[in-house]
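The lines below spell out each chain.
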Amino acid sequence: DELPARSSWWSIVTGFARRNVLGTVGLLVVIVMVATALFADVIASYEPTHNDFGAMLEAPSVEHLLGTDQYGRDLLARIIYGARTALLVGFVSSFIGCFLGLFLGVSSAYFGGRLDLLFQRIMDVFMAFPLIILALAVVAIFGTGVFNVTIAITIPVIPRAARIVRASAL
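So, a few notes on the structure that sits alongside this text. (Residues numbered from 1 in each chain as written. Predicted model: local features only at pLDDT ≥ 70, side-chain atom pairs only at ≥ 80, totals over all residues. Heavy atoms only, no water.)

Here we take up the overall build of the protein chain. Along the backbone of the protein chain there are seven helices and zero strands. For 170 residues, the compact-globule formula gives about 15 Å, and the C-alpha radius of gyration of the protein chain, at 23 Å, lies well above that figure. In terms of principal-axis extent, the alpha carbons of the protein chain reach across some 70 × 65 × 20 Å. Residue burial in the protein chain is summarised as follows: out of 170 residues, 27% are buried. Long-range contacts, defined as pairs at least 24 residues apart, comprise 57% of the intrachain contacts of the protein chain with a sequence gap of at least 6. Carbon and sulfur atoms make up 72% of the accessible area of the protein chain, which amounts to about 12,000 Å² in all. (Helix = DSSP H or I, 4+ residues; strand = E, 2+ residues; numbered from the N terminus. Rg over C-alpha atoms; globule rule 2.2 N^0.38 Å. Buried < 20%, exposed > 50% of the residue type's maximum accessible area, 1.4 Å probe, protein only. Contact = heavy atoms within 4.5 Å. Areas by Shrake-Rupley, 256 points an atom, 1.4 Å probe, with all protein chains shown as cover.)

If you want it as structure tokens, here you go:
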């Protein structure tokens with residue numbers, strides 16, 4: 001018997017993109033954001049921290065596409081360079097939160113009994129708080145900064161990931 005012809009790589013990708021339009025749009029947004037963060041030095045025409053007191057609070061123009069802030073800093077340059085921090089915080093906090101949730105969820109399912117019951121009640125306490133309130137409380141306790149914001153976003157991710165992993169492991 002003759003095997004059916006294999007589809008080309010391109011036809012598989014385009015077929016997947018047609019079936020999952022929202023996922024494809026999301027992927028394109030992430031790709032654009034990552035490319036923007038990687039090539040921020042090339043894309044941005046101004047330094048994000050450069051003060052130009054002669055151009056304070058300018059409206060959008062050809063020179064400053066999104067205008068300037070109260071210190072004369074170009075807003076587009078600040079957004080472009082800010083993509084680096086946003087991606088770093090997002091990816092690191094998601095990775096760490098999911099990894100810790102994986103470890104705790106599998107441990108809870110494996111050991112079971114009283115440990116599992118105690119662990120699930122602790123996760124219930126964390127999940128009782130809305131994400132934003134918990135994150136704001138962590139920032140209020142530890143202070144601001146990239147590291148502390150990463151911790152503030154990581155902590156609410158852990159119980160949600162742990163519950164999902166525990167349910168799958170059982």
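A complete count under the given rule lists five salt bridges for this structure. Two residues, D69 and R73, come together in a salt bridge whose shortest N-O distance is 2.8 Å. Taken individually, D69 and R73 each receive the classification buried, so the pair is uniform in this respect. One continuous salt-bridge network, built from bridges that share partners, spans R121, D124 and R163. (Salt bridge = Lys/Arg side-chain N within 4 Å of Asp/Glu carboxyl O.)

Before going further, it helps to examine a nonpolar patch on the surface. A contiguous nonpolar patch, built from L88, V92, F95, I96, F99, L100, L102, V106 and V146 and spanning about 780 Å² of accessible area, is present on the exposed surface. Top element by residues in the nonpolar patch is helix α4 (residues 75-111). It accounts for eight residues. Along the chain, V92 falls in helix α4. With relative accessibility at 32%, the residue V92 sits in the partly exposed group. (Patch = residues over 30% accessible without salt bridge, like charges linked within 9 Å, V, L, I, M, F, W, Y side chains within 5 Å.)

The next point concerns the packing of aromatic side chains. Scanning all chains against the criterion turns up two aromatic pairs. Seen in terms of ring centroids, W9 and W10 are 6.3 Å apart; in terms of plane orientation they differ by 45°. Their pairing is tilted. Residues Y110 and F111 carry aromatic rings whose centres are separated by 5.1 Å and whose planes lie at 80° to one another, so their mutual orientation is edge-to-face. The pair formed by Y110 and F111 is uniform in burial state, with each residue classed as exposed. (Phe/Tyr/Trp six-rings, centres within 6.5 Å; stacked < 30°, edge-to-face > 60°.)

With that settled, the discussion passes to the packing of helix α6 (residues 131-142) against helix α7 (residues 146-169). At their nearest, the axes of α6 and α7 sit 8 Å apart, and the two run at 140° to each other. With respect to α7, the axis of α6 lies oblique. The crossing of α6 and α7 is right-handed. Here L131, L134, A135, V138, V139 and F142 of α6 come into contact with α7, specifically with N148, I151, A152, I155, P156 and R160. Across the contact of α6 with α7, the residue classes tally to 10 nonpolar, one polar and one charged. (Axes fitted to C-alpha atoms, helices over the stretch in contact; angles between N-to-C directions. Parallel < 35°, antiparallel > 145°, perpendicular 65-115°, else oblique. Left-handed = near helix turned anticlockwise from the far one by under 90°. Nonpolar A, V, L, I, M, F, W, Y, C, P; charged D, E, K, R; others polar.)

The terminal C-alpha atoms of α4 lie 52 Å apart, and with 37 residues this matches the ideal 54 Å at 1.5 Å per residue to within 8%. Its axis deflected by about 25° at G82, α4 carries its strongest bend there. Between the side-chain oxygen at the start of α4 and the backbone nitrogen of A77 there is a gap of 3.0 Å, and the oxygen is on D74. Of the residues trailing α4, G112 is marked for its positive phi of about 60°. (Expected span 1.5 Å × (residues − 1). Bend = angle between axes of the 7 residues up to and from the residue. Polar contact = N/O pair within 3.5 Å; in protein donor to acceptor, adjacent residues only side chain to side chain.)

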